[in-house]
Amino acid sequence: EVVAGSMWSEVVAWGYGPDEAIDGWMSTVYHRIPFTLPSWTEQGFGQNELYSSMSFVTPIPDGNHRAVIFPADGQSQVPTTFDSDTEIPDPAPDHGVIGYPITVTVGSTEITGDGNYNPYDLELIDAVVWGPGGEEVDILTMDPTNDDLIYVMAAAMPLEPLEEGATYEAEMTIEWAGDSQTLFTEFTTEIADDE
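Note that this is a predicted model, so its numbers are computed, not measured.

Enquirer: Hey, could you run me through the sheet that holds strand 12 (residues 179–188) in this one?
Expert: To summarise the sheet geometry, strands pair through backbone hydrogen bonds and adopt either a parallel or an antiparallel arrangement. Read from one edge of the open sheet, three strands run 8-11-12, paired in antiparallel fashion. At either margin of the open sheet sits one strand with a lone partner, and together these are strand 8 (123–130) and strand 12. The sheet shows a mean angle of 10° between the axes of neighbouring strands, taken without regard to direction. Examined bridge by bridge, strand 8 and strand 11 (residues 167–176) share seven bridges and lie antiparallel to one another. Each bridged residue has a counterpart across the sheet, and for alanine 127 the counterpart in strand 11 is methionine 172.

This is the structure in structure tokens:
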């Protein structure tokens, strides 16, 4: 049974400076969750040589009823790839390098779920990603109904790397805490630096 209070999350990386560590966490699925939660009460970052750690404290139930999509609408310089084999655990174990994940993270003012693995009864109803020219992109989807480690997030992961310097659109429809919402984002990918 979920009890109201505070949820503590931590992400850890080794071998990166602060900027690279945060970019790396945001380029994953599971480690992105605390960054995209709709409400934090506290957060802190620590660095010791090349060891980075970031911690978050979030109320549960959350302070508001909200869903956050990432990449954000209008975002540019979005990476084109995600090597799922580098995230532990691996969110796409049957795949290696795929496209950058698109995610929706939710919070609500009351706990509606029946356990720690899906406190807001989150379910991804539909997800579509369109590439340049309006072509639909093949995706792998996940939510707490098929992956209990993603407890407050739904994800759409393109099965192939995204094109450089291209505009993508994504639409994700979710149900959570007795509500339904369709979120939309349009973002542009980065162009690799050939230096």
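Enquirer: Sorry if this is basic, but what is going on with the environment of tryptophan 40 here?
Expert: If you trace the backbone, tryptophan 40 turns up in the loop between helix 2 (33–36) and strand 2 (42–48). For the pair tryptophan 40 and aspartate 62, spaced 22 residues apart in sequence, the C-alpha to C-alpha distance is 8.5 Å. Among residues more than four places away in sequence, those in contact with tryptophan 40 are Pro34, Phe35, Phe56, Val57 and Thr58. From its side chain, tryptophan 40 meets the backbone oxygen of proline 34 in a polar contact 2.8 Å long.

Enquirer: Is there a simple way to think about helix 1 (residues 18–26) in this case?
Expert: Because an α-helix packs 3.6 residues into every turn, residues spaced three or four apart end up facing the same way. Of all the positions in helix 1, only Ala21, Trp25 and Met26 are classed as buried. The buried residues of helix 1 occupy an angular sector of 130° when projected down its axis, which confines them to one face. Exposed side chains of helix 1 directed beyond 90 degrees from the buried face belong to Asp19 and Asp23. Against the buried residues of helix 1 lie strand 1 (5–14), helix 2, strand 2, strand 3 (51–60) and strand 4 (66–70).

Enquirer: Help me understand unusual backbone geometry in this model?
Expert: For residues that are not glycine, phi is negative in most cases, and the peptide bond is trans in most cases. At the junction of isoleucine 60 and proline 61, the peptide bond is cis and its omega measures out at 5° in the coordinates. Tracing the backbone through its elements, the reader meets proline 61 in the loop between strand 3 and strand 4. Along the chain, phenylalanine 70 connects to proline 71 via a cis peptide bond; the corresponding omega equals 5°. With respect to the helices and strands, proline 71 occurs in the loop between strand 4 and strand 5 (81–83).

What counts and how
Residues numbered from 1 in each chain as written. Predicted model: local features only at pLDDT ≥ 70, side-chain atom pairs only at ≥ 80, totals over all residues. Heavy atoms only, no water. Pairing = 2+ DSSP bridges. Helix = DSSP H or I, 4+ residues; strand = E, 2+ residues; numbered from the N terminus. Axes fitted to C-alpha atoms, helices over the stretch in contact; angles between N-to-C directions. Contact = heavy atoms within 4.5 Å. Polar contact = N/O pair within 3.5 Å; in protein donor to acceptor, adjacent residues only side chain to side chain. Buried < 20%, exposed > 50% of the residue type's maximum accessible area, 1.4 Å probe, protein only. Arc of directions from axis to C-beta.

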